[in-house]
Amino acid sequence: MVILKTKKDLQNWIMRNGSSIGFVPTMGALHNGHISLVSAALEIYNLCVVSIFVNPTQFNNQEDFEKYPEPLEADINMLEAAGCHCLFLPAVETIYPQGMEAKPFPIGDLENMLEGAFRPGHYQGVVQVVDILLDAVKPDGIFLGEKDYQQFMVLSVLINKKYPDVQMHLAATIREASGLAMSSRNMRLSPEDKIKAVEIFNTLFYIKENLLPGNTNKLIEQKLVELDTHGFKTDYLTIADARTLEPVNNWDGKKKVIALVATYLNDVRLIDNMTIN
Ligand code: AMP
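Note that this is a predicted model, so its numbers are computed, not measured.

Moving on to the environment of Leu170. Position of Leu170 relative to the elements: it lies in strand E6 (residues 167-171). Sequence-wise, Leu170 and Ala40 are 130 residues apart; in three dimensions their C-alpha atoms are separated by 9.8 Å. With residues near it in sequence (within four places) discarded, Leu170 still touches Leu144, Gly145, Glu146 and Phe152.

Moving on, we come to the sheet that holds strand E11 (residues 268-275). Pairing within the open sheet is antiparallel, and its 3 strands lie in the order E8-E10-E11. Lying at the two open borders of the sheet, with one neighbouring strand each, are strand E8 (232-241) and E11. Between one strand axis and the next, the sheet turns through 10° on average, direction left out of account. In this sheet, E11 lies alongside strand E10 (residues 257-265) in antiparallel orientation, the contact comprising 8 bridges. Across the sheet, residue Thr263 finds its bridge partner in E11, namely Leu270. Taken strand by strand, helix H10 (residues 198-210) contacts E8, E10 and E11, and its axis lies near 25° from that of E11.

Below, the discussion takes up helix H8 (residues 149-162). Spanning 14 residues, H8 covers 20 Å between terminal C-alpha atoms, matching the ideal 20 Å at 1.5 Å per step. Among the 14 residues that make up H8, 10 are buried, leaving the element largely enclosed by the rest of the structure. Three or more residues of H8 are buried, namely Tyr149, Gln150, Gln151, Phe152, Met153, Val154, Leu155, Ser156, Leu158 and Ile159. Tucked inside the fold, the buried residues of H8 contact helix H6 (115-118), helix H7 (122-137), strand E5 (141-145), E6, E10 and E11.

What counts, and where the lines are drawn
Per chain, residues are indexed from 1 in the order of the written sequence. Reporting in this predicted model follows two pLDDT cut-offs: at least 70 for local features of residues, and 80 or more for side-chain atom pairs to be given and counted; totals over whole chains, interfaces and linings ignore these cut-offs and use all residues. Water and hydrogen atoms play no part in the side-chain values, which are based on all heavy atoms of the structure. Strands are runs of DSSP state E lasting at least 2 residues, helices are runs of H or I lasting at least 4, and numbering of each runs from the N terminus. Here, residues are in contact when the closest pair of their heavy atoms is within 4.5 Å. Strand pairing follows a simple DSSP-based rule, namely that at least 2 bridges must link the two strands. Axis lines are fitted to C-alpha atoms, over the contacting stretch for helices. Their N-to-C directions set the angle, which ranges from 0 to 180 degrees. One less than the number of residues in a helix, times 1.5 Å, gives the span that helix is expected to have. Only protein chains enter the calculation, and the probe is 1.4 Å; a residue is then buried if its accessible area is under 20% of its type maximum, exposed if over 50%, and partly exposed in between.

On their own, these measurements won't tell you what the molecule is for.
Right, dumping it as structure tokens:
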């Protein structure tokens, strides 16, 4: 695996190796969820390029940014073992040579709902960096995780508008045996909290198993109280239309819906989701 730090080196490498490219953008602190995206890319494309870049413009909380784990050596070893061909590891100045200010990209309603409501500016930052990365890597396909379901929808807007030739691939959420969704932020949980955090999965699974057509609010309220009792501070727990993310308060039993949650365990913010039908 080559490790490249500048756009120029990346473009030269791509030109020399000219072949189909599957791209996996990440912020590092890799786990098997990320590696599943690499494996999926290698099944379809000749080359896999992974980027690791902790993007400052998508953090609305400075402490979250500063505490983001950066175990680079372990990440490199995981990527080598997975068969990744190229790690793009740019510095902040490489991505933003003219500074981090950017003209907002029109994302529509998705920008301010759910994650967007609790993390103002987050999705503009995500779109800004993925736009720059796609322009640098020029891949044939991009691999994204269902774990960040709203992010996938937001990036669909960018890619449909600006990169219509890039194939989007959505990969299922990889979980610990306990059910806890793998996440780089899990590294910040104490061993006790890692056990407690399984309650997030249990909540979503319970909703999936017990949601009936009709009013959805009572089930959500019950589960919110339970999360609270277990010591979580929840930003949102909701049942939404899987295509638009609009809340579904009255389910007809047919519409494709998804349960989504964002909640804090101590100061670690965790998100997860589960499609219901
Ligand atoms: P991140 O490094 O958190 O920005 O994530 C990079 C990519 O990995 C995103 O497309 C995520 O949705 C995806 N991802 C994160 N966690 C998981 C997981 N547990 N299973 C599958 N994909 C994941």
